[in-house]
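Chain by chain, the residues:
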Amino acid sequence: MNNTEAEKQRKGVMSVYDKMAPTYDKLNNDAQYQGEAILLEMYKKYGISAGKIFDIGCGTGKVKDLLGDSFTYEGVDLSPAMTHEAAKRGYTCHTGAVEDVIKEIGDKSVDHVIALSCLYFIEDVETLIKECERISRKSIFIILEHFGQEAKERMESAQVHVYNHPLSIVKDPTETKKDIFLWKRPSTGDIVNGNALFKLLE
Ligand SMILES: C[S@@+](CC[C@H](N)C(=O)[O-])C[C@H]1O[C@@H](n2cnc3c(N)ncnc32)[C@H](O)[C@@H]1O
């Protein structure tokens, strides 16, 4: 993707999620979204109960409702309307593309990195995962959707590309959950399956 296409993608994502932000939490419930529950399962299993979370594509910061106040939250999202909602929940927010913002975050300056249903909008996730490992002291958790052809085309009808990424983008994961139900797109009924990857860094 050249710079013009990347800019178009960012504008497209921003426009979609700016419109969605006020009703996003309800939509997320309607979609039976599973990413948060899998994250919670991993955190319980590996005894993670506190620390600073860096949330990639944080949306409204809804994950805070589940994980609670023993964590602190720093989020990044392309959509100003989304970061506005996340800030209301107590997030420290960056509005912009994570590919740019993450470069400004210090080495080993957060405890945990999470990316829930965001990486399918980003082409070069290999570089991004390396950056996640650079900034995080303790863990990384990512969700990787795998869109079937029809679901992909329907998503892309809003002028936004989606990328199916291979599991190999995370080297030596501690846990991999493969081919699991992740969510159902309320407007089309498309079922989106995919993978969850968790990596302990220490
Ligand atoms: C499906 S929502 C997921 C929101 C949240 N993580 C959740 O689980 O509820 C995807 C979010 O990723 C954001 N996003 C997409 N591409 C991004 C990028 N390159 N940098 C930062 N945020 C991005 C969108 O603006 C949107 O808010």
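Residues numbered from 1 in each chain as written. Predicted model: local features only at pLDDT ≥ 70, side-chain atom pairs only at ≥ 80, totals over all residues. Heavy atoms only, no water.

Engineer: Let's hear about unusual backbone geometry: which residues, and what values?
Structural biologist: Note: most residues except glycine have negative phi, and most peptide bonds are trans. With a phi angle near 55°, Gln32 is a residue other than glycine that sits in the positive phi range. For Gln32, a relative accessible area of 41% translates into the label partly exposed. Despite not being glycine, Lys108 shows a phi value in the positive range, around 45°. Topologically, Lys108 is positioned in the loop between helix H6 (98-101) and strand S4 (110-115). The partly exposed category is assigned to Lys108, whose relative accessible area is 39%. (Buried < 20%, exposed > 50% of the residue type's maximum accessible area, 1.4 Å probe, protein only. Helix = DSSP H or I, 4+ residues; strand = E, 2+ residues; numbered from the N terminus.)

Engineer: Just give me the short version of the side chain of Asp111, but keep the residues and values in it.
Structural biologist: Note on placement: Asp111 falls in strand S4. Judged by its relative accessible area of 9%, Asp111 falls in the buried class. Those residues in contact with Asp111, other than ones at most four positions away along the chain, are Gly51, Lys52, Ser136, Arg137, Lys138 and Ser139. (Contact = heavy atoms within 4.5 Å.)

Engineer: Run through helix H8 (residues 149-156), naming residues and quoting values.
Structural biologist: Those residues of H8 not exposed but buried are Ala151, Lys152 and Met155. One side of H8 carries all its buried residues, which in axial view fall inside an arc of 100°. Away from its buried face, by an angle of more than 90 degrees, H8 presents the exposed residues Gln149 and Glu150. Packed against the buried residues of H8 are strand S6 (175-184). (Arc of directions from axis to C-beta.)

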